[in-house]
Each structure stands twice: as C-alpha cells, then as structure tokens.
Amino acid sequence: MKYNVLIVDDHFVVREGLKLILETSEHYQVIGEADNGKVAIQLIEELRPDVILMDLNMPIMNGIEAIEQLQAQNNTIPVVILTTYNEDDLMIKGLTIGAKGYLLKDTKREHLFRTLDSAIRGETLLQPEIMGIVFKAKHDTAPKKPTRNNLLPSLSDKEKIVLQAAAHGHRSKEIAFDMGIAERTVKAHLTNIYNKLGVDSRAQAVAIAVEQGLVHI
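If you're wondering where the values come from, they're calculated on a predicted model, not measured in any experiment.

We now examine the nonpolar core. With 25 residues, the main nonpolar core has Val8, Ile52, Met54 and Ile81 as its most contacted residues. Secondary structure elements with two or more residues in this core: β1 (3-8), α2 (37-47), β3 (51-55), α3 (63-72), β4 (79-83) and α4 (88-96). Not counting residues up to four positions away in its chain, the partners in contact with Met54 are Val8, Gly63, Ala66, Val79, Val80, Ile81 and Leu82. Ranked by size, the runner-up nonpolar core spans 18 residues in total, among them Ala165, Ala166, Ala176 and Ala205.

Here it is as structure tokens:
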C-alpha cells in the first residue's frame, strides 16, 4: 500500500528534493504540490492526501494559518511541519495547534520516513525536550487541573522502564522485545501510565516525566 503525500512549500528546490527522497520509498508517493497555504487547502479538499508536509513561512497564507483552518474544519489529515533552524517559535506554535511532528528541511531520509510513519499512525514523534515545551504551551492555555506532583512516584518499576523507553522514541514492539514481555503487556503498561498521569497520549506522558525529572534523556 502506498500513502499519498501533499508537499506544501514555496521553494521549488525543497519540493523537488523531498519528491526525490519520497520516490525512493515503496510506501509513499507525492500526489500534489502547493507553494502557499491557500492553494494547499484547496488541494487537500480535492486530493484528500494521507499526510501533509507543511512549510511555515509562505506568502498569501502561511503554514500556521493553514493548520488553523484545517483544525477549524475538523480535518484530521496529519500535518508534519517543515522548518529551519531559526523557526523554533513558529514550529512550537504549529505543534501546539495540532501538527503531528516536524522535520528540518535538510533532514535525513530515514528520519523523514520515520516521522511520516508515526504521523500516519496518529502518533506524534518529537524529541523529549520538544515534547516538554509543547505540553507546557498547551497546559498553560488549558483549564487548570489538579497537580500531578504526587502521581509520578506511584508508577511501578516496569511502568517507569516503559516510560523511559518511550521517551527515547522506542515503539511498543521494540520495548516488548527489550523487556522480554508481550507487546500487549507494554500497551497495558502505557494505558496504566496515562491513567495515573491524567493524560491521553504518549507525548504528554513523556513531557510530564521529563518536566519532573523522572525520565532522563
């Protein structure tokens, strides 16, 4: 099965470079290109891609505005941000409002596919320190909830091992192999972790653990 990718970037060279990389994969194909967010919104409605690679700084409509419009339309197609080294604030903003990951424009082939794979699965693949920043941004704007300071010590030793592995980007199957347990057991541990921390995703759990020093990177 091949997944359809829409590339949104106002630089032709960037689009062509990404196309060349994606063409080497048997799992992905580029079905469209746009050089600004307005055109992207139109193509998304027409083509219904499986995943979108979205630049941030573009004319007419930038990537942040495009993501906000997709969110307003309840569009669930995953968006991965294309960014450069000097766009941290915009990148954090994009992740906070719903993007499923980010890629530097000179990213390596393996990381590109890994990030796309995660986005397609509905997961957010981020470095733990970025997870912490994104979670804090969401937490600061969300209604206040009871403190979690007393919840982390309640995790079992195995749950802490699972959370540590998740913080380093290991998938459930890999964690299961390393721990010598079934993959369904790892998923059960993750569910328990989410319930204890009052979160609903791996990214949020890791962010809390990093913030409070339980997980070491």
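Here we take up the pattern of salt bridges. The tally for this structure, following the rule as stated, stands at seven salt bridges. Residue Lys105 pairs with Asp55 through a salt bridge whose shortest N-O separation is 3.1 Å. Separated by 50 residues along the polypeptide, Lys105 in the loop between β5 (101-104) and α5 (109-120) and Asp55 in strand β3 bring together distant segments of the chain. On the basis of relative accessible area, Lys105 is assigned to the partly exposed category, the value being 26%. Salt bridges sharing common partners tie together Arg15, Glu16, Lys19 and Glu33.

A few words on the sheet that holds β4. Within the open sheet, the five strands sit side by side as β2-β1-β3-β4-β5. Their pairing is parallel. The two strands at the open ends of the sheet, each matched to only one other strand, are β2 (28-34) and β5. Averaged over all pairs of adjacent strands, the angle between strand axes in this sheet comes to 25 degrees, irrespective of strand direction. Judged from the four bridges that link them, β1 and β3 form a sheet pairing that is parallel. When the bridges of β3 are listed, Val8 appears paired with Met54.

Our focus in this paragraph is helix α8 (residues 172-179). Because the α-helix completes a turn every 3.6 residues, residues three or four places apart line up on one side. Along α8, the residues that are buried comprise Ser172, Ile175 and Ala176. For α8, the arc enclosing every buried residue in end-on projection is 100 degrees, short of the 170-degree limit, so these residues lie on one face. Facing away from the buried side of α8, by more than 90 degrees, are the exposed residues Lys173, Phe177 and Asp178. Gly180 lies just past α8 and shows a positive phi near 70 degrees.

We now examine the pairing of β4. In terms of burial, β4 is a largely internal element, five of the five residues being buried. Here β4 shows a buried face lined by Val79, Ile81 and Thr83 and a second buried face lined by Val80 and Leu82. Across four bridges, β3 lies against β4 in parallel orientation. Residue pairing in the sheet places Ile52 in a bridge with Val79 of β4. Each parallel crossover has a hand, and the one from β3 via α3 to β4 is right-handed. Note: β4 against β5, four bridges, orientation parallel. Each residue of the ladder has a partner; that of Ile81, found in β5, is Tyr102.

About the thresholds
- Residues numbered from 1 in each chain as written.
- Predicted model: local features only at pLDDT ≥ 70, side-chain atom pairs only at ≥ 80, totals over all residues.
- Heavy atoms only, no water.
- Core = buried A, V, L, I, M, F, W, Y, C linked by side-chain atoms within 4.5 Å.
- Buried < 20%, exposed > 50% of the residue type's maximum accessible area, 1.4 Å probe, protein only.
- Helix = DSSP H or I, 4+ residues; strand = E, 2+ residues; numbered from the N terminus.
- Contact = heavy atoms within 4.5 Å.
- Salt bridge = Lys/Arg side-chain N within 4 Å of Asp/Glu carboxyl O.
- Pairing = 2+ DSSP bridges.
- Axes fitted to C-alpha atoms, helices over the stretch in contact; angles between N-to-C directions.
- Arc of directions from axis to C-beta.
- Right-handed = clockwise from strand over helix to strand, strands pointing away.

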